[in-house]
Amino acid sequence: KLRVTDLNTETVDFLDFRDRVVKIALGHGHLIAATAAQCHIYTVNNWNTPHIFDIKDTANLILLAEKYFVMVDNFSGVQVLNYEGRLLSTAKFAGLRTEFLNSSRLAISNDCLAIIDAGDTKVVRLIDPMSGKMLGEVKHGLEVVEMNLSQYASWAERKLLIIDRNRDLYITKAARVQLVKIGTMVDSACWNDKTETLAALMDGKLHIWYYPNVVFVDKDLMNTTKAVREASEIGKGGQFVSFFSSRCTVRRMDGALITCNISPYPLLLYEFIDRGDWDHAVRLCRFIKDPAVWACLAAMAVNAKELNHAEVAYAAIDEVDKLQYILHIKDIPSVEGRNAELALFMRRPEEAESILLQAGYIFRAIRMNISLYNWERALELAVSHKTHVDTVLAYRQKWLKSVKREESLKRFEQYSQGVEIDWEKITAKMEKEKEEEKRRADAAARR
């Protein structure tokens, strides 16, 4: 028998079962209760008519996501089911050992199932919960002891946190693996149930990253978007039990549960952004006057390519250099040009160049490499597309003269001998390229 208490209405319900309940899980509007022979799926709005299905072995682990849940037993393995009890897929791969799986070694979200490979604990396998097919893998340099998936956004923005043997905390996008270290001496870490907020217990303190995606957008704002508070009441070795809304629950080493509250304003900001209500998001930031929330808005706006709101947010936190760059991006006439500059702002030059080359903006790609002092790549593009070779050589000579150095790259010495440098012609060609880009952008806008 289970006793269920609604804390809002203080009503109590008793759920009766034929056998002893061996495993329960509550979350995302559902209660899953597994006995030795059956699994019962309840919705929190109706305790009278659960979905019931038979199971072949005792459940070792049940984890919930918004759309699905995963159940692990030693006979059927790792099963992904919907909340009607229908089996969607079974995860299988070489090295899967169900007896070693727990909530630290397995995680589920709406579009991904993550499992630490027991055969090679440096690898986290990513599996499609609908089909059971492999989506990819995350390889780390050390053994992974804990990991978890964020529940916010879609597959493109899904995040995976990893804690390795040294107790260092890393995060990465599941779709584009790029491990970034954000913490050391970590006891436990947990994602928020509705947003991308991340909480971690590190060196006796509670660290809250309101928008961890900032490390992939504007890493300089990492510390601004983070809150740190003393957690002496938790002590060493605390483990997160849950992180719902603005409240996280931690279990101390002596078994006592400690509840910690965080600022509710970043969660409100997520609500506005999810609805696309950027104007109300700016009003919220102006009302509370918190630099952490302004910094979150700035990073969110850049990530969503909302340049007007990014401009307001960067101005509010006095990031003058970034504000000027956002204004520079807004002046670019073509969409592809703006997207490339935003990719460059996020420190992804390869992606920026790819955007420009696919759109046919060869001169802008060459100019970008010149600005990054990536001289050899700029010359390579100019030669392969047979355009603006003299422009690259001219800017190279100008740079060498400013730093008082002699030419040391053989390819530049080779092309310098056969190409005449005429700054008037180069300037005229550059102006022509700008006019052509503006003309193309105007034509695209009219369509």
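Quick caveat: nothing in here was measured; it's all calculated off a predicted structure.

S.K.: Give me the lowdown on the overall build of the protein, citing residues and values where you can.
M.R.: When helices and strands are tallied, the protein shows 13 helices and 25 strands. Entry remark: accessible area of the protein is about 22600 Å², with carbon and sulfur atoms responsible for 48%. The average position of the 61 basic charges and that of the 61 acidic charges among the side chains of the protein differ by 2 Å.

S.K.: Explain the pairing of strand 12 (residues 113–116) to me, using residue names and the numbers behind them.
M.R.: Neither face of strand 12 is exposed, since Leu113 and Ile115 on one face and Ala114 and Ile116 on the opposite face are all buried. With 3 bridges connecting them, strand 11 (residues 106–108) and strand 12 associate as antiparallel partners. If you follow Ala107 over to strand 12, its bridge partner there is Ala114. Here strand 11 hands over to strand 12 after 4 residues, the two strands then running antiparallel side by side. Bridging between strand 12 and strand 13 (residues 123–127) involves 4 bridges; their strand directions are antiparallel. Note on strand 13: the bridge partner recorded for Ala114 is Leu126.

S.K.: Can you break down unusual backbone geometry residue by residue, with the values?
M.R.: Despite not being glycine, Ala153 shows a phi value in the positive range, around 70°. Phi is positive for Lys404, close to 55°, though the residue is something other than glycine. In this fold, Lys404 is placed in the loop between helix 11 (389–403) and helix 12 (410–416).

S.K.: Tell me what's going on with helix 10 (residues 375–384), and back it up with residues and numbers.
M.R.: The set of residues buried in helix 10 consists of Trp375, Ala378, Leu379, Leu381 and Ala382. Buried positions in helix 10, seen along its axis, are confined to an arc of 160° and lie on one side of it. For helix 10, the exposed residues lying more than 90 degrees away from the buried face are Glu376 and Ser384. On its buried face, helix 10 is in contact with helix 8 (349–359), helix 9 (362–371), helix 11 and helix 12. Backbone geometry just after helix 10 places Lys386 at a positive phi near 55°.

S.K.: Residue-level account of the pattern of salt bridges, with values.
M.R.: Counted under the stated rule, the structure contains 32 salt bridges. When the shortest N-O distance is used, the salt bridge between Arg125 and Asp117 registers 2.8 Å. Each member of the pair, Arg125 together with Asp117, is buried. Ionic pairing is found between Glu146 and Arg167, a salt bridge with its closest N-O pair at 3.2 Å. Placement of Glu146 in strand 15 (residues 144–149) and of Arg167 in the loop between strand 16 (159–164) and strand 17 (169–173) is noted, with a sequence separation of 21 residues between them. When its relative accessible area of 13% is taken as the criterion, Glu146 is described as buried. Counted as one network, the salt bridges with shared partners bring together Asp117, Arg125, Glu137 and Lys139.

S.K.: Any chance you could break down the nonpolar core for me, citing the residues and the numbers?
M.R.: By size, the foremost hydrophobic cluster in this structure holds 68 residues, and its most contacted members are Leu169, Leu269, Leu297 and Tyr314. For this core, the element with the highest residue contribution is helix 4 (residues 291–303), accounting for 11 residues. If sequence neighbours within four positions are ignored, Leu269 has contacts with Ala281, Leu284, Cys285, Val293, Cys296, Leu297 and Met300. Counting 26 residues, the second largest nonpolar core, distinct from the first, contains Ile362, Phe363, Met368 and Ile426.

S.K.: Explain the pairing of strand 6 (residues 46–54) to me, and be specific about the residues and the numbers.
M.R.: In summary, the side chains of a regular strand alternate between the two faces of the sheet. Of the pairings in the sheet, the one linking strand 5 (residues 38–43) to strand 6 comprises 5 bridges and is antiparallel in character. Its bridge partner lying in strand 6, Thr43 is registered against Asn46. As consecutive antiparallel partners, strand 5 and strand 6 are separated by 2 residues.

S.K.: So, the sheet that holds strand 8 (residues 68–73): which residues are in play, and what are the values?
M.R.: Taking strand neighbours across the sheet as the criterion, the 4 strands line up as 7-8-9-10 in an open arrangement whose pairing is antiparallel. The open sheet has two edge strands, strand 7 (61–64) and strand 10 (87–91), and neither has a second partner. Within this sheet the neighbouring strands show an average axis-to-axis angle of 20°, counted without direction. Two elements, strand 9 (residues 77–82) and strand 10, share 4 bridges in a ladder whose sense is antiparallel. Bridge assignment links Leu81 to a residue of strand 10, and that residue is Leu87.

S.K.: If you had to explain the sheet that holds strand 16 to someone new, which residues and values would you point to?
M.R.: The 4 strands lie next to each other as 15-16-17-18, forming an open sheet whose pairing is antiparallel. Sheet topology places strand 15 and strand 18 (180–183) at the edges, where each strand pairs with a single neighbour. This sheet shows a mean twist of 30° between the axes of neighbouring strands, independent of strand direction. Relative to strand 16, strand 15 runs antiparallel, the two sharing 5 bridges. For Val144, the partnering residue across the bridge sits in strand 16 and is Asp164.

S.K.: Describe in detail the environment of Trp155, supporting the description with residues and values.
M.R.: Here Trp155 shows up in the loop between strand 15 and strand 16. Here the alpha-carbon distance between Trp155 and Val72, two residues 83 residues apart in the chain, equals 23 Å. Setting aside residues no more than four positions away along its own chain, Trp155 makes contact with Asp111, Cys112, Leu126, Leu135, Ala174 and Ala175.

About the thresholds
- Residues numbered from 1 in each chain as written.
- Predicted model: local features only at pLDDT ≥ 70, side-chain atom pairs only at ≥ 80, totals over all residues.
- Heavy atoms only, no water.
- Helix = DSSP H or I, 4+ residues; strand = E, 2+ residues; numbered from the N terminus.
- Areas by Shrake-Rupley, 256 points an atom, 1.4 Å probe, with all protein chains shown as cover.
- Lys, Arg positive; Asp, Glu negative; His and termini not counted.
- Charge placed at Lys NZ, Arg CZ, Asp CG, Glu CD.
- Buried < 20%, exposed > 50% of the residue type's maximum accessible area, 1.4 Å probe, protein only.
- Pairing = 2+ DSSP bridges.
- Arc of directions from axis to C-beta.
- Contact = heavy atoms within 4.5 Å.
- Salt bridge = Lys/Arg side-chain N within 4 Å of Asp/Glu carboxyl O.
- Core = buried A, V, L, I, M, F, W, Y, C linked by side-chain atoms within 4.5 Å.
- Axes fitted to C-alpha atoms, helices over the stretch in contact; angles between N-to-C directions.

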